[in-house]
Amino acid sequence: MADENTENQAEVPAVATTPSEAAENQSPAQADDGNARRGRGRGGNREGGGGDRGRGRGGRDNNRGGKQEEDDGIIEKLVHINRVSKTVKGGKRFGFAALVVVGDGQGRVGFGHGKAREVPEAITKATAAARKKMIRVPLKEGRTLHHDGNGRFGAGKVTLRTAPPGTGIIAGGPMRAVFESLGVADVVTKSVGTSNPYNMIRATFDALTEQTSPKSVAQRRGKKVADLLGRGGSSAAEAEADAAAIVE
């Protein structure tokens, strides 16, 4: 009986107490099976981890988007791009000049030009220059000009006329960009003498700087707005109503 117990105990394999001992005791087939299972497990973890990392990258992208500067409501319009070239030894060297008009759509507008070797850089310079030179133009009812005006620069001559509601912007080329950025909805314009966008825009700004509102004229003359509006033959009540409707 003692010999039989000894033989049974010899047949029972030893239980591994550590992972290294378990790996040593495994047969080649068991080791391959375990590696395959661990490979599948790592694959599953990699897929899961990849999903988490994908979400993490998405979060970082969203954070980058949140760090961008908020839109300040400025309307930017590219009017003209001029390309010039300089012949040097070995070829030609190109440069670009951009003309940009900016405005807030509520009575402020400006223009600027910039030069650079690349178009985006030229536009950036022109936009920065336009933002620094914005002027305020009084608008009637927030949609049109208070009165007609003329402007001139060089060979360019422009005429601006106020218009009733529904007229739209009757202007072409660079002048349209100015009035769209300014926030004018009804105006009639005419340009004579040149089609150079630089001269047309400078002439337009010359006419806009001469625009005045009844409120500013009344303050300068020391009178009431109703007194100025009532001199056209309208009644006192109509003049008072028109004066109350004038915001600027």
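This section reports on the structure supplied with the text. Nothing here was measured: the structure is a model prediction, and the numbers come from that model.

Next up on the list: the pairing of strand β5 (residues 149-153). Where β5 lies against strand β6 (residues 156-162), 5 bridges are found, and the strand directions are antiparallel. The partner of Phe153 across the bridge, within β6, is Gly156. Where β5 folds back onto β6 in an antiparallel hairpin, the turn is made up of 2 residues, including Gly154, whose phi is positive at roughly 60°.

Turning to the nonpolar core, a few remarks are in order. In terms of nonpolar packing, the biggest core is built from 25 residues, with Leu145, Phe179, Leu182 and Leu208 touching the most fellow members. Looking at this core, the elements with two or more residues in it are β2 (91-103), β3 (108-116), β6, α5 (174-182) and α6 (197-208). The dominant element in this core, judged by the number of residues it contributes, is α6, at 7 residues. Those residues in contact with Phe179, other than ones at most four positions away along the chain, are Leu160, Ile169, Ala171, Val184, Val187, Thr189, Thr204 and Leu208. Formed by 9 residues, the second largest nonpolar core is a distinct cluster that contains Val102, Ala116, Ala126 and Ala130.

A separate point is the side chain of Arg143. Mapped onto the fold, Arg143 is located in the loop between β4 (135-136) and β5. A polar atom in the side chain of Arg143 sits 2.9 Å from the backbone oxygen of Ala163. Leave out the neighbours within four places in its chain, and Arg143 touches Ala163, Pro164, Pro165, Gly183, Val184, Ala185 and Asp186.

About the criteria used
Residues numbered from 1 in each chain as written. Predicted model: local features only at pLDDT ≥ 70, side-chain atom pairs only at ≥ 80, totals over all residues. Heavy atoms only, no water. Pairing = 2+ DSSP bridges. Helix = DSSP H or I, 4+ residues; strand = E, 2+ residues; numbered from the N terminus. Core = buried A, V, L, I, M, F, W, Y, C linked by side-chain atoms within 4.5 Å. Buried < 20%, exposed > 50% of the residue type's maximum accessible area, 1.4 Å probe, protein only. Contact = heavy atoms within 4.5 Å. Polar contact = N/O pair within 3.5 Å; in protein donor to acceptor, adjacent residues only side chain to side chain.

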